[in-house]
Amino acid sequence: MVFCNRFGSLLRHSISQSSASKRQGSMGALLNSIRYMSSSKLFVGGLSYGTDDQSLKDAFASFGDVIEARVITDRDSGRSRGFGFVNFDSEECANSALSAMDGQELNGRNIRVSFATERAPGPRGGGGGYGGDGGYGGGAGGRDRY
């Protein structure tokens, strides 16, 4: 089901791009979208705050050609959020990296490696605000107290 949803959204995106630009390479855009649907992108969780893009790439480079390695950082502080993504040039490389690296130690922390999944479209939770009580009084402020 996830595959079908992802394929549909990529197909719609490719069609909208090609109809907007009316260029001859629309078939190339579609094929490029399909290429990125493969499972060559890994999610890496539990990263040490000292891990940067280069050290993440170096840790996974022995499994194949790493296209991109990115540690996700907080937009305000610039500090690592403790997870990242590694993109390989092939599914086989990603599979071998997942098998070998899941649960292994990297920079003093045991990391979790899995195939990356597309985020669900639509509004994201979180952000500022005053919670559900309008910002006044001693209410929970939108937080659970469990």
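Each value, and the rule that gives it
Residues numbered from 1 in each chain as written. Predicted model: local features only at pLDDT ≥ 70, side-chain atom pairs only at ≥ 80, totals over all residues. Heavy atoms only, no water. Helix = DSSP H or I, 4+ residues; strand = E, 2+ residues; numbered from the N terminus. Buried < 20%, exposed > 50% of the residue type's maximum accessible area, 1.4 Å probe, protein only. Contact = heavy atoms within 4.5 Å. Pairing = 2+ DSSP bridges. Patch = residues over 30% accessible without salt bridge, like charges linked within 9 Å, V, L, I, M, F, W, Y side chains within 5 Å. Areas by Shrake-Rupley, 256 points an atom, 1.4 Å probe, with all protein chains shown as cover. Salt bridge = Lys/Arg side-chain N within 4 Å of Asp/Glu carboxyl O. Lys, Arg positive; Asp, Glu negative; His and termini not counted. Charge placed at Lys NZ, Arg CZ, Asp CG, Glu CD. pLDDT = per-residue confidence, 0-100. Polar contact = N/O pair within 3.5 Å; in protein donor to acceptor, adjacent residues only side chain to side chain. Core = buried A, V, L, I, M, F, W, Y, C linked by side-chain atoms within 4.5 Å.

**Student:** An account of the side chain of serine 40 is requested, with residue identities and associated values reported.
**Tutor:** The topology assignment puts serine 40 in the loop between helix 2 (26-35) and strand 1 (41-45). Its relative accessible area of 9% is what places serine 40 among the buried residues. Sequence-distant contacts of serine 40, defined by excluding residues within four places in its chain, comprise Val86, Asn87, Phe88, Ser90, Glu91 and Ala94.

**Student:** Any chance you could break down the pairing of strand 2 (residues 66-73) for me, citing the residues and the numbers?
**Tutor:** For a regular strand, the rule is simple: side chains alternate between the two faces of the sheet. As paired strands, strand 2 and strand 3 (residues 80-88) are joined by 6 bridges and run antiparallel to one another. Residue pairing in the sheet places glutamate 68 in a bridge with asparagine 87 of strand 3. The hairpin turn running from strand 2 into strand 3, its antiparallel successor, is 6 residues long, and glycine 78 in that turn takes a positive phi close to 80°.

**Student:** Please provide a residue-by-residue account of a negative patch on the surface, values included.
**Tutor:** Side chains of Asp52, Asp53, Asp58 and Glu68 sit close together on the surface and give a patch of like negative charge. By secondary structure assignment, the location of aspartate 53 is in helix 3 (residues 53-60). Of the residues examined, aspartate 53 reaches a relative accessible area of 37% and is grouped as partly exposed.

**Student:** Please set out the confidence of the model for the chain residue by residue, giving values where relevant.
**Tutor:** Taken residue by residue, the chain gives an average pLDDT of 76. The fraction at 70 or more is 58%. Throughout residues 16-24 the model reports pLDDT below 50, and contacts reaching past four residues in sequence, or to other chains, amount to 2 contacts. Predicted confidence is poor over residues 29-37, with pLDDT under 50, and the contacts of this stretch with residues over four places away or in other chains come to 11 contacts.

**Student:** A description of the environment of serine 77 should follow, citing residues and the corresponding values.
**Tutor:** Position of serine 77 relative to the elements: it lies in the loop between strand 2 and strand 3. A relative accessible area of 54% means that serine 77 is categorised as exposed. In this structure the side chain of serine 77 is engaged in a polar contact, spanning 3.2 Å, whose partner is the backbone nitrogen of arginine 79.

**Student:** Break down the nonpolar core for me, with residues and values.
**Tutor:** The biggest cluster of nonpolar side chains holds 18 residues, and the ones touching the most others in it are Leu56, Phe60 and Phe88. Sorting the residues of this core by element identifies strand 1, helix 3, strand 2, strand 3 and helix 4 (91-101) as the ones contributing at least two each. When residues of this core are assigned to their parent elements, the largest contribution, 5 residues, is made by helix 4.

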